[in-house]
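Working through the structure, step by step
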Amino acid sequence: MASNVATANHCSVGAARLILSAVVLLGLVTCAAANGAPATFHLVFEGHHNASLTHEGSFTSSLASCGSGLAADVSVDSATDNALRRFICPGGSEFTATVSPLPAEHGGNGVWRIVSGTGAFASLRGRGTFSSTRLEGRSDDPATITFRSTWDGVADFDTVPPAIAVTKVTILKLKKPKGAYNLRVVVTFPGDDAVSYVLQVVDPRKPLNALVYKIGQTTSGSFASAARIRPAKSTRTLEIEVEAEDAVGNDANASKTVRLR
């Protein structure tokens, strides 16, 4: 007996969207750019601190209708060092992006993601990595710090999350070792070629203890995962959970419950 559930989350800024490592993110962005869609994106932010010690400054970008403008942090999560930044373009249209970790802008590397917009940029989404260089200032006096942060990645006018289907699950009980199973899962992403994903297989009673946990990316629209598992003797069902993101960061998830025999 099995049940399928699929839901879409349009570019939420929650912690689940930060599961993927920067290495996987950069690989997916590179593949997407090489395939011709979405378009490559480049931005340079000349930043400094305001009176609240959050970041603000001017920027230039590769967007045809927003070649330059002003930007400032709207909020900063002190627990995650994740900032939400608003970019104001000529004509009044805006787009908003997350930047993490914020201290790396003083000199280091991190990730960015365009999560919302207004006017001409209402459907703009994108993501990538940044490299930042401190221009002047001292660490013991943040107000004196200025920096240049260079963003590279992909962006597109696309708010449609990837479709996900857990199309096949095969569970084979083994004679040895006792209580072990061979598990194979096939997941497809109809309509999406470049997708990054997180696959987990858990006992629903202990969802934090994954029997299988895999992070990866695919440019073929599907992937298959095989693993040997050994659930607890009392386990009767398994939950297969998949989180996926397309090249510009639209995300969705799917789950499937399977019964052990």
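Notes on the structure in this doc start here. (Residues numbered from 1 in each chain as written. Predicted model: local features only at pLDDT ≥ 70, side-chain atom pairs only at ≥ 80, totals over all residues. Heavy atoms only, no water.)

**Focus on the sheet that holds strand S8 (residues 124-138)**
The sheet built from eight strands closes into a barrel, its strands ordered S2-S3-S4-S5-S6-S7-S8-S9 with antiparallel pairing. Pairwise comparison of adjacent strand axes, ignoring direction, gives a mean angle of 30° for this sheet. Relative to strand S9 (residues 141-157), S8 is paired through 13 bridges, and the arrangement is antiparallel. From the neighbouring strand, Glu136 faces S9, where its bridge partner is Thr146. (Pairing = 2+ DSSP bridges. Helix = DSSP H or I, 4+ residues; strand = E, 2+ residues; numbered from the N terminus. Axes fitted to C-alpha atoms, helices over the stretch in contact; angles between N-to-C directions.)

**Quick notes on the sheet that holds strand S10 (residues 165-173)**
Spatially, three strands are ordered S10-S11-S14 in an open sheet, and the strand pairing comes out antiparallel. Each end of this open sheet is capped by a strand with a single partner; those strands are S10 and strand S14 (222-229). With direction set aside, neighbouring strand axes in the sheet form an average angle of 10°. Relative to strand S11 (residues 181-188), S10 is paired through eight bridges, and the arrangement is antiparallel. Along S11, the bridge assignment pairs Thr170 with Arg184.

**Concerning the layout of surface pockets**
Its boundaries defined by the atoms lining it, the largest pocket holds a volume of some 270 Å³. As for the largest pocket, its lining consists of 13 residues, and the residues nearest its centre are Gly179, Tyr181, Pro231, Ala232 and Lys233. Residues belonging to the lining of the largest pocket are distributed by class as follows: five nonpolar, two polar and six charged. (1 Å grid on protein atoms, 1.4 Å probe; cavity = no way out; pocket = protein on both sides within 12 Å on 5 of 7 lines; lining within 4 Å. Points joined across faces, edges and corners; volume = space filled by probe spheres on them. Nonpolar A, V, L, I, M, F, W, Y, C, P; charged D, E, K, R; others polar.)

**Details of the pattern of salt bridges**
Close approach of charged atoms allows side chains of opposite charge to pair. Evaluated as defined, the whole model comprises nine salt bridges. Between Arg85 and Glu105 there is a salt bridge, and its shortest N-O distance comes to 2.7 Å. Of this pair, Arg85 sits in strand S5 (residues 82-88) while Glu105 sits in the loop between strand S6 (94-100) and strand S7 (108-117), placing them 20 residues apart in sequence. A relative accessible area of 0% places Glu105 in the buried class. We note a salt bridge from Asp203 to Arg205, for which the minimum N-O separation is 2.9 Å. (Salt bridge = Lys/Arg side-chain N within 4 Å of Asp/Glu carboxyl O. Buried < 20%, exposed > 50% of the residue type's maximum accessible area, 1.4 Å probe, protein only.)

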